[in-house]
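Coordinates in review
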Amino acid sequence: MTRERERLEEEREQALRDLLALEVQIRTGEIPAEAGQRLRTEYERAAADAMARLDGLDEPGTRTPSRVSVARTLAYVVTVLVAGLAAAVVLPGAVQPRPENGFVTGNEVTQTSTPAPPLPAGGDAAGTALWMRANVELFGRNDPAAALRTLEQLQARPDLLPETRKDVEALIATARRELDRSGR
């Protein structure tokens, strides 16, 4: 790539960047619309001129740009402007704040402040099922009354291990606090 081509490509890119920045400045009111229109015309002319001269480098012996190359250049400039303006207008409205420790997509499951206790150790399948059901009712469905009924069933089991019984009693206390707090 020749130095002349590099220089012209840089001129073209700078003029296009200037156009995009100008659109944002006009939209935000940083630059008055009248002054912005004059600058827009100047930047478009600079971009079109650089593109036409680049086209002239591709066609040896040609110094003046053809109507086709000028039209192509203007179409390119307008397309870049429209795309940049659309991105500047549409994207900020579509971006939502990300919740703390949340997913980028915003598809979080509602989280509670109290983490679910671990599964009871050494229990049978029926006991484990009751434990899980109580946790779902309490933390997933936010229904402490149903969780309390399930936990009382689990607490009444004679085969409950002592450490599991402590976990069940702790969860019963949590369910009662939630029930009192909600006033049910």
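None of the values given here were measured: they were computed from a predicted structure. Position numbers for residues count from 1 along each chain, tracking the sequence in the order it is written. Where totals are concerned, whole chains, interfaces and linings use all residues; where local detail is concerned, this predicted model gives features only for residues with pLDDT of at least 70, and gives and counts side-chain atom pairs only at 80 or more. Computation of side-chain values covers all heavy atoms of the structure but excludes hydrogens and water.

**Concerning the overall build of the protein**
Counting from the N terminus, the helices are the DSSP runs of H or I reaching at least four residues and the strands are the DSSP runs of E reaching at least two. When helices and strands are tallied, the protein shows 6 helices and 0 strands. The buried label applies to any residue whose accessible area, calculated with a 1.4 Å probe on protein chains only, is under 20% of its type's maximum; exposed applies above 50%, and partly exposed to all values in between. A buried classification covers 28% of the 184 residues belonging to the protein. Of the contacts made within the protein by residues no fewer than 6 positions apart, 59% connect residues no fewer than 24 positions apart. Surface exposure of the protein reaches about 12,500 Å², of which carbon and sulfur atoms provide 56%. Between two residues, a contact is recorded if the distance between any of their heavy atoms is within 4.5 Å. The Shrake-Rupley method, run with a 1.4 Å probe sphere, supplies the accessible areas, and residue values consider only the shown protein chains as cover.

**Describing the nonpolar core**
Residues W131, L138, L151, L154, V168 and L171 are the most contacted members of the largest nonpolar core, which totals 15 residues. Of all elements in the fold, only α4 (125-140), α5 (144-155) and α6 (162-182) reach the threshold of two or more residues within this core. Ranked by size, the runner-up nonpolar core spans 7 residues in total, among them A15, A47, M51 and L81. Joining through side-chain atoms within 4.5 Å is the link that ties buried Ala, Val, Leu, Ile, Met, Phe, Trp, Tyr and Cys residues into a set, and such a set is a nonpolar core.

**Some thoughts on a nonpolar patch on the surface**
Without a salt bridge and with relative accessible area above 30%, a residue can belong to a patch; like charges are then joined within 9 Å and nonpolar side chains (Val, Leu, Ile, Met, Phe, Trp, Tyr) within 5 Å. A side-chain nitrogen of Lys or Arg and a carboxyl oxygen of Asp or Glu constitute a salt bridge if their distance falls within 4 Å. A contiguous nonpolar surface patch, about 230 Å² in accessible area, is contributed by L85, V89 and V90. Following the sequence through the fold, V90 ends up in helix α3 (residues 67-94).

**Points about the pattern of salt bridges**
Here the structure, examined in full by the defined rule, presents 12 salt bridges. Where E10 meets R17, a salt bridge forms, and the shortest distance between an N and an O atom there is 2.9 Å. Here E23 and R40 are joined by a salt bridge, their closest N and O atoms 2.7 Å apart. Of this pair, E23 sits in helix α1 (residues 3-28) while R40 sits in helix α2 (residues 33-58), and the two are 17 residues apart along the sequence. One exposure class covers both E23 and R40, and it is buried. Three or more residues joined by partner-sharing salt bridges are found here, namely E4, R7, E11, D49 and R53.

**A short note on α4**
The α-helix advances 3.6 residues per turn, and as a result positions three or four apart in sequence lie on the same side. Residues of α4 that are buried include every one of G127, L130, W131, A134, N135, E137, L138 and F139, and no others. Where α4 is buried, its residues contact α5 and α6. Just past α4, the residue N142 takes up positive phi, approximately 55 degrees.

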